[in-house]
Amino acid sequence: MTKAVLRKDFLWGFATASYQIEGAPEEDGRGPSIWDKFCKIPGKIADASSGDVACDSYHRTAEDIALLKETGARAYRFSISWSRVIPLGGRNDPINPKGLQFYQKFVDDLLAEGIEPMVTLFHWDLPEELDARYGGLLNKEEWVADYANYARVLFKALPKVKYWITFNEPWCSSILGYNTGLFAPGHTSDRTVKIYREEFKAKDRGQIGITLNGDGVYPWDPNDPLDVEAAERKLEFSIAWFADPIYHGHYPASMVKQLGDRLPTFTPEELDLVVGSNDFYGMNHYTANYIKHKNTPAEPNDFLGNLETRFISKSGDNIGPETQSFWLRPNPLGFKNLLIWISKRYNYPPIYCTENGTSVKGENDLPIEKILDDEFRAEYFRGYINALAGAVEEGCDIRGYMAWSLMDNFEWAEGYETRFGVTFVDYEGGQKRHLKKSAKVIGPIFESFIKQE
Ligand code: GBH
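Residues numbered from 1 in each chain as written. Predicted model: local features only at pLDDT ≥ 70, side-chain atom pairs only at ≥ 80, totals over all residues. Heavy atoms only, no water.

A. Region of the structure containing the sheet that holds strand β8 (residues 288-293). With mixed pairing, the 3 strands of this open sheet are ordered in space as β6-β8-β9. The strands lining the two open edges of the sheet, one partner per strand, are β6 (216-219) and β9 (307-310). For this sheet the average axis-to-axis angle between neighbouring strands, irrespective of direction, equals 40 degrees. As judged from the 4 bridges shared by β8 and β9, these two strands associate in the antiparallel manner. Note that in β9 the partner of tyrosine 290 across the bridge is arginine 310. (Pairing = 2+ DSSP bridges. Helix = DSSP H or I, 4+ residues; strand = E, 2+ residues; numbered from the N terminus. Axes fitted to C-alpha atoms, helices over the stretch in contact; angles between N-to-C directions.)

Next comes the structure, spelled out in structure tokens:
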């Protein structure tokens, strides 16, 4: 017997992102994004693929909604392709009515089926023109003004949307886009929240927040205080880098100590915009690591906090089974611990888990019957959803959960080889969708945890 610990209005469902599923890069006036360009550079994408077709979702919204219905999902998190709506991206550039209409109709269609839309404004696919024009996200003046304008266009066009996410994983934009170069460019701002609150919130009664990624941590040697400290520092370098300014008005001390004046200082005006800018905390979470401190001084390009991440602990414990993603091994307890860490550090904010899921080792090479019988992924969700319920029992205010992903899709630099979907997408067979086992286990678990009244 499970205990009904989740709120009656708990939102559970699935997540995707525009470039990873839509395809149709040149249709109805869409402009190119930095990912269209990035994918053309030889060597950037493992299988030399791109999002040109992806799941063909631009032409299959009805099918995607039917999938959601079949799983019983209450909500769907998707992102907007900025260059569909404003092909050149800028505040003085023309709006593309067909692009806007596509998303308006999609929102209407979801609502007609009783599915709550949760919209990410920016999931990495910056209009290419803005990068060419002024360096994209690196140009604070220009980019912030253009992003603010884009956000306002959408707030205006989609008043029925009640859940807005400003940025997906700014850590990835910054580090993978500008530090390691694995992904196309990025950075962050919070002015969008002011616009929403001042011009739309009262009328539309929605909420807005940022989505941060963060992995669970354990000290490599729990008896070494330096590893214990390093584990905390890892969370500060990945999560508190963005969340401390929002909830506490400053960067974490450990980052200031290591990075000094390489961290920008906030002006009073910036603090005004940033502090308190989350109606909810959006959390993307997949895995955990053992953390081992380093004895040498931090390298100038270090972004982890002068430490190593490992899958095996000092005593030889493996954090979790291997998956198709080199960075991901399931560890549900790490999720529970991290939910509690975030809740304590930021005074128990409402949390929406905006992504959680796994790839499966070798999945792409299996025959379809085996792919559809994805017990490994089903077990992942059982473990993680139980961990979530456990965190709620310990006082965390968790209000929603979106599994990544509704369907297999373009997995960025890894191309199509790595699948994260609860739905199999047959890329060779005309993008046909087939529900996997995992699609059907999530609903019943949530419904058993959610209070009936
Ligand atoms: C999410 O990021 C994305 O939001 C989503 O679009 C994506 O499809 C999904 O995950 C599955 O990957 O060793 O430096 O390369 C997940 C968080 C953080 C996971 C960075 C990969 C790579 C670390 N990601 N991490 S690195």
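B. Structural detail: the site of the ligand. Within the structure, the ligand sits among 19 residues, and Gln20, His123, Glu169, Glu411 and Trp412 are positioned closest to it. Here an oxygen atom of the ligand sits 2.5 Å away from a polar atom, N or O, in the side chain of glutamate 411. With the chains in place, 85% of the 590 Å² that the ligand exposes on its own is no longer accessible. Considering each element in turn, the shell around the ligand owes the most residues, 3 residues, to helix α8 (residues 170-179). (Near = heavy atom within 4 Å. Polar contact = N/O pair within 3.5 Å; in protein donor to acceptor, adjacent residues only side chain to side chain. Areas by Shrake-Rupley, 256 points an atom, 1.4 Å probe, with all protein chains shown as cover.)

C. The packing of aromatic side chains, seen in detail. Taken as a whole and assessed by the stated rule, the structure comprises 49 aromatic pairs. Measuring from ring centre to ring centre gives 6.4 Å for tyrosine 19 and tryptophan 35, while their planes differ by 35 degrees; the resulting arrangement is tilted. Taken together, the positions of tyrosine 19 in helix α1 (residues 18-21) and tryptophan 35 in helix α2 (residues 34-39) put the pair 16 residues apart, joining distant regions of the chain. Accessibility classification places tyrosine 19 together with tryptophan 35 in one group, the buried group. Residues tyrosine 19 and tryptophan 412 carry aromatic rings whose centres are separated by 6.3 Å and whose planes lie at 20 degrees to one another, so their mutual orientation is stacked. (Phe/Tyr/Trp six-rings, centres within 6.5 Å; stacked < 30°, edge-to-face > 60°. Buried < 20%, exposed > 50% of the residue type's maximum accessible area, 1.4 Å probe, protein only.)

D. The arrangement of the nonpolar core in detail. Of all hydrophobic cores here, the largest spans 141 residues; its most connected members are Trp35, Tyr76, Trp164 and Ile442. With residues up to four places along the chain from it excluded, the contact list for isoleucine 442 reads Trp12, Phe14, Phe381, Ile385, Ala403 and Val422. Ranked by size, the runner-up nonpolar core spans 6 residues in total, among them Tyr218, Trp220, Phe311 and Ile319. (Core = buried A, V, L, I, M, F, W, Y, C linked by side-chain atoms within 4.5 Å. Contact = heavy atoms within 4.5 Å.)

E. Local environment of the side chain of threonine 323. By the secondary structure assignment, threonine 323 is in the loop between β9 and α13 (332-345). One polar contact links the side chain of threonine 323 to the main-chain amide nitrogen of serine 325, over a distance of 3.1 Å. Within the local environment of threonine 323, its side chain forms a polar contact with the backbone oxygen of leucine 328, the two atoms lying 2.8 Å apart. Sequence-distant contacts of threonine 323, defined by excluding residues within four places in its chain, comprise Leu328, Arg329, Pro330, Thr358, Ser359, Val360, Lys361 and Phe376.

F. Molecular detail of the pattern of salt bridges. For the structure on display, the rule yields 41 salt bridges. Among the ionic pairs, glutamate 447 bridges to arginine 74, the shortest N-O distance being 2.9 Å. In this pair, glutamate 447 is assigned in helix α16 (residues 437-449) and arginine 74 in the loop between α3 (61-71) and β2 (75-79), connecting sequence segments 373 residues apart. Classification of glutamate 447 by relative accessible area gives partly exposed; the value is 30%. (Salt bridge = Lys/Arg side-chain N within 4 Å of Asp/Glu carboxyl O.)

G. Examining the sheet that holds strand β7 (residues 280-284) more closely. In spatial order, the strands read β1-β2-β3-β4-β5-β7-β10-β11; together these 8 strands close into a barrel with parallel pairing. Each neighbouring strand pair of the sheet contributes to a mean axis angle of 25 degrees, computed without reference to strand direction. Sheet topology note: the strand β10 (residues 351-355)/strand β11 (residues 398-404) ladder contains 3 bridges and is parallel. Within β11, the residue paired with cysteine 353 across the bridge is tyrosine 401. Against the sheet, helix α10 (residues 225-248) makes contact with β5 (207-213) and β7, and its axis sits at roughly 155 degrees relative to β5, the strand it touches most.

H. Region of the structure containing α13. Across its 14 residues, α13 extends 20 Å between first and last C-alpha, which sits within 8% of the 20 Å expected from 1.5 Å per residue. Residues of α13 that are buried sit in contact with β6, α10, β7, β10, α15 (375-393) and β11. Just beyond α13, the residue with positive phi is asparagine 347, at close to 60 degrees. (Expected span 1.5 Å × (residues − 1).)

I. A look at the packing of α15 against α16. α16 packs onto α15 with a crossing angle of 20 degrees between their chain directions and a minimal axis gap of 8 Å. With respect to α16, the element α15 is oriented roughly parallel. Note that α15 runs across α16; the crossing there is right-handed. Here Glu375, Arg377, Ala378, Phe381, Arg382, Ile385, Asn386 and Ala389 of α15 lie close against α16, whose contacting residues are Lys437, Ser438, Val441, Ile442, Ile445, Phe446 and Phe449. (Parallel < 35°, antiparallel > 145°, perpendicular 65-115°, else oblique. Left-handed = near helix turned anticlockwise from the far one by under 90°.)

J. Highlighting the packing of α8 against α10. One can describe the packing of α8 onto α10 by two numbers: an axis separation of 10 Å at closest approach and a directional angle of 120 degrees. Comparing their axes, α10 and α8 come out oblique. Judged by the sense of rotation from one axis to the other, the crossing of α8 with α10 is right-handed. Of the residues in α10, those in contact with Pro170, Trp171, Ser174 and Ile175 of α8 are Phe237, Ser238, Trp241 and Phe242.

K. Summary view of the pairing of β5. β5 sits mainly inside the fold: 6 of its 7 residues count as buried. Pairing of strand β4 (residues 163-168) with β5 involves 4 bridges; the strand directions are parallel. Each residue of the ladder has a partner; that of tryptophan 164, found in β5, is isoleucine 208. Where β5 lies against β7, 5 bridges are found, and the strand directions are parallel. Opposite leucine 212, over in β7, you have methionine 283 as the bridge partner.

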